[in-house]
Each structure stands twice: as structure tokens, then as C-alpha cells.
Amino acid sequence: MAAPLTETIGDELLDQALGERRALVQLCLYALDRARSSGVVERLEDGLAAIGVVAWRPDGQRFDPSLHEAGGTVHTDDPRLDGVVAETEVVGFVDRGRTLRPPIVTVYTSRT
């Protein structure tokens, strides 16, 4: 038995809307990477957060290679900081729990 025409049209519209949302989110991430103004960055991040896409800055968290991408290291004399994210170089983004882009981070490493 074929699906009613209204169901088929509704499914097509939903697929189209989800595709357009994905494209707009990617366009916003592209713009964020190139924004020179902190005000523009803040506005774009706020707009994305309003639709469930949140910026991810794991500064101070334990580095996890399955979640973060290491961009570099910085030496520390404090052994408690070894393996902790010192700074986020490139902000990551999560869409309702799904990683769109992992953050690129600088990680503390012990001198010893």
C-alpha cells in the first residue's frame, strides 16, 4: 500500500528543511572561522546555540584524543597539568550531542 500523498510531500519537505539546516550551519561555521570581529563571532555563536549547535572549548579539561585534536603542546612544570588542555586553538562545535567539528587544542606536557 502506497503512502498517502500528504505523507510523501511532508517527508520530502522535512528532508529538504534538514538539508537546508545542515547547509546553513556549515556556512555559519565557515563564516565563524573567518570573522575578524569578536562581536560577529559572538552573534554567530549565539544564533547557532539557539538552534542547538554549541561552541566547544575544552580548556582545562583532560585531553582526550577521541574527542579533541592536538594542535600543539606547551611545557609545564606542574605535573597536575600534564595532559590537560591549555588552550583551544580552533573552536569545536556540537549539534545536539553530535560532534560537527572537534576542537583543535594545545595540550600541557610535563618537562620531566
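Residues numbered from 1 in each chain as written. Predicted model: local features only at pLDDT ≥ 70, side-chain atom pairs only at ≥ 80, totals over all residues. Heavy atoms only, no water.

A. Representation of the sheet that holds strand 3 (residues 85-90) within the structure. Spatial strand order, 2-6-3: 3 strands in an open sheet with mixed pairing. One side of each edge strand has no neighbouring strand; the edge strands of this open sheet are strand 2 (69-76) and strand 3. Averaged over all neighbouring strand pairs, the angle between strand axes comes to 30°, with direction disregarded. Relative to strand 6 (residues 104-110), strand 2 is paired through 7 bridges, and the arrangement is parallel. Counted as the bridge partner of Ala 70 is Val 105 from strand 6. (Pairing = 2+ DSSP bridges. Helix = DSSP H or I, 4+ residues; strand = E, 2+ residues; numbered from the N terminus. Axes fitted to C-alpha atoms, helices over the stretch in contact; angles between N-to-C directions.)

B. Layout of the pairing of strand 4 (residues 92-95). Alternating residues of strand 4 divide into Gly 92 and Val 94 and Phe 93 and Asp 95, and every residue in both groups is buried. Two elements, strand 1 (residues 53-56) and strand 4, share 4 bridges in a ladder whose sense is antiparallel. From the neighbouring strand, Val 53 faces strand 4, where its bridge partner is Asp 95. In terms of strand pairing, strand 4 meets strand 5 (residues 98-101) through 3 bridges, oriented antiparallel. Counted as the bridge partner of Val 94 is Thr 99 from strand 5. Where strand 4 hands over to strand 5, the hairpin turn is made up of 2 residues, of which Arg 96 adopts a positive phi near 50°. (Buried < 20%, exposed > 50% of the residue type's maximum accessible area, 1.4 Å probe, protein only.)

C. Examining the pattern of salt bridges more closely. A complete count under the given rule lists 7 salt bridges for this structure. Put simply, Arg 57 and Glu 45 hold a salt bridge, and the shortest N to O gap is 2.6 Å. Taken together, the positions of Arg 57 in the loop between strand 1 and strand 2 and Glu 45 in helix 2 (residues 38-50) put the pair 12 residues apart, joining distant regions of the chain. Classification of Arg 57 by relative accessible area gives partly exposed; the value is 43%. (Salt bridge = Lys/Arg side-chain N within 4 Å of Asp/Glu carboxyl O.)

D. Broad picture of the sheet that holds strand 5. Reading across from one edge, 1-4-5 is the order of the 3 strands in this open sheet, with antiparallel pairing throughout. The outermost strands of the open sheet, each flanked by one partner alone, are strand 1 and strand 5. On average, each strand axis in the sheet is tilted by 35° relative to the strand beside it, whichever way the strands run. The strands touched by helix 2 within the sheet are strand 1 and strand 4, with strand 1 carrying the most contacts at an inclination of about 130°. (Contact = heavy atoms within 4.5 Å.)

E. Representation of the nonpolar core within the structure. Formed by Val 25, Leu 29, Leu 32, Leu 48, Val 53, Val 91 and Phe 93, the largest nonpolar core amounts to 7 residues. Of all the elements, helix 1 (residues 5-34) adds the most residues to this core, at 3 residues. Those residues within four positions of Leu 48 in sequence are excluded, and the remaining contacts are Val 25, Cys 28, Leu 29, Leu 32, Val 53 and Phe 93. (Core = buried A, V, L, I, M, F, W, Y, C linked by side-chain atoms within 4.5 Å.)

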